Amino acid sequence: MATQIIAVANNKGGTGKTATTINLGKGLAIKGKKVLLIDNDPQANLSSRLGIRIKADTSTIYDVYKENASLPIVKVEESLHVTPSSRKLETIPGILAEVSRNNYRLADALELVSQAYDYILIDCPPATGLLTANALSVANLIIVPVTAGDRDAIKGMVNISGLIKKFLEEGVNPDLQDLRILVNSYKKNHSVDQATEMTLQSHYQDNLLRSVIRENTQIKQSEWRNTTVFEHSPKSSAVKDYTKLTEEVLSLVS
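Residues numbered from 1 in each chain as written. Predicted model: local features only at pLDDT ≥ 70, side-chain atom pairs only at ≥ 80, totals over all residues. Heavy atoms only, no water.

Undergrad: Whenever I open this one, the environment of Ile 160 confuses me. Can you help?
TA: Mapped onto the elements of the fold, Ile 160 is located in helix α7 (residues 151-170). On the basis of relative accessible area, Ile 160 is assigned to the buried category, the value being 0%. For the pair formed by Ile 160 and Ala 107, sequence separation is 53 residues and the distance between their alpha carbons is 19 Å. Excluding residues that lie within four positions of it along the chain, Ile 160 makes contacts with Ala 9, Asn 10, Asn 11, Thr 128, Thr 132, Ile 142 and Val 144. (Helix = DSSP H or I, 4+ residues; strand = E, 2+ residues; numbered from the N terminus. Buried < 20%, exposed > 50% of the residue type's maximum accessible area, 1.4 Å probe, protein only. Contact = heavy atoms within 4.5 Å.)

Have a look at this one:
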């Protein structure tokens, strides 16, 4: 099987992109897959939530964009590696504004390492600018987490969908498939959450993942403890949800 590159994106912040990237990545590693997580967000939440400390001399994805450097890789565990980020990444859109092929910096770097992994997951910032464009330029699949009950999260998903359509029309990435929507922080007995799910089923049924991530305090607790929910609370309903998501993602390319 060729390496599968998945971008986790939404133009809206707070939709669970980082939690999705970390816990899906861990789920894939548990299933025996070699996984690389790329922190492509200047907030660097993925890096910090996995306990990676960024110092002044730490090589990060910033160096990949600015200097065409090799992709820095930190080993979290045998089958789970991370490319860290830093706040300096927020300066990259300005630095590369007039540079040719600026949408392909990440793709060029991944070309040298992708064959070492089964899955590469890219955590994107809450924007449709240069950093997200780099992720979409190399990804096979886009997962868009949508917080149940958050109308703006659906708008953010629509914005990402528009960018994908533009990339497909322009031939930027011929391997890019359409997006898959993940309902996140779902509360079954809340009418507004049910309305979100019904809206997505009505208008985006073909793009909607069957898996749903229910609201669970264990997810937040695992973030505070700089670990995955699999390690923090292995018997929780959150682990069941992320395991189902992992199995569904595996089935998309089987």
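What follows continues from the structure just given.
Undergrad: Help me understand the pairing of strand β3 (residues 74-77) in this model?
TA: On a regular strand, one side chain projects to one face of the sheet and the next to the other, so that they alternate. Examined bridge by bridge, β3 and strand β4 (residues 80-83) share 3 bridges and lie antiparallel to one another. The partner of Lys 75 across the bridge, within β4, is His 81. Where β3 folds back on β4, the antiparallel hairpin that results is connected by 2 residues. (Pairing = 2+ DSSP bridges.)

Undergrad: Looking at this structure, how should I read the side chain of Arg 49?
TA: In this fold, Arg 49 is placed in helix α2 (residues 45-49). Residue Arg 49 is classed as buried on the basis of its relative accessible area of 18%. At a separation of 3.4 Å, a polar atom in the side chain of Arg 49 contacts the side chain of Glu 223. Every residue in contact with Arg 49, bar those within four places of it in the chain, is listed here: Thr 18, Ala 19, Ile 22, Glu 223, Asn 226 and Thr 227. (Polar contact = N/O pair within 3.5 Å; in protein donor to acceptor, adjacent residues only side chain to side chain.)

Undergrad: Is there a simple way to think about empty space enclosed by the protein in this case?
TA: Here the idea is plain: a probe the size of a water molecule rolls over the atoms and shows the empty space left. Under the criterion given, the structure shown has 2 cavities of 30 Å³ or more. There is about 70 Å³ of room inside the largest cavity. Taken together, Gln 4, Ile 5, Ile 6, Tyr 119, Asn 140, Leu 141, Gln 177, Val 249, Leu 252 and Val 253 make up the lining of the largest cavity. Taken together, the elements giving at least two residues each to the lining of the largest cavity come down to β1 (4-8) and α11 (237-252). Of the residues belonging to the lining of the largest cavity, the class tally is 7 nonpolar, 3 polar and no charged. (1 Å grid on protein atoms, 1.4 Å probe; cavity = no way out; pocket = protein on both sides within 12 Å on 5 of 7 lines; lining within 4 Å. Points joined across faces, edges and corners; volume = space filled by probe spheres on them. Nonpolar A, V, L, I, M, F, W, Y, C, P; charged D, E, K, R; others polar.)

Undergrad: I'm lost on the layout of surface pockets in this one. Help?
TA: Here the largest pocket defines a volume of roughly 420 Å³. Among the secondary structure elements, those contributing two or more residues to the lining of the largest pocket are α1 (17-30), α2, β7 (179-186), β8 (208-214) and α9 (217-224). Per-class residue counts for the lining of the largest pocket are 5 nonpolar, 11 polar and 7 charged.

Undergrad: Could you clarify how one ought to interpret the packing of α1 against α11 in this entry?
TA: To characterise two packed helices, one gives the angle between the axes of the helices and the distance between these axes. Put simply, α1 and α11 touch, their axes get as near as 9 Å, and they point 70 degrees apart. Our classification of the angle between α1 and α11 gives roughly perpendicular. Contact residues: Ala 19, Thr 20, Asn 23, Leu 24, Gly 27 and Leu 28 in α1; Tyr 242, Leu 245, Thr 246, Val 249 and Leu 250 in α11. Each residue belonging to the contact of α1 with α11 can be placed in one class, and the counts come to 7 nonpolar, 4 polar and no charged. (Axes fitted to C-alpha atoms, helices over the stretch in contact; angles between N-to-C directions. Parallel < 35°, antiparallel > 145°, perpendicular 65-115°, else oblique.)

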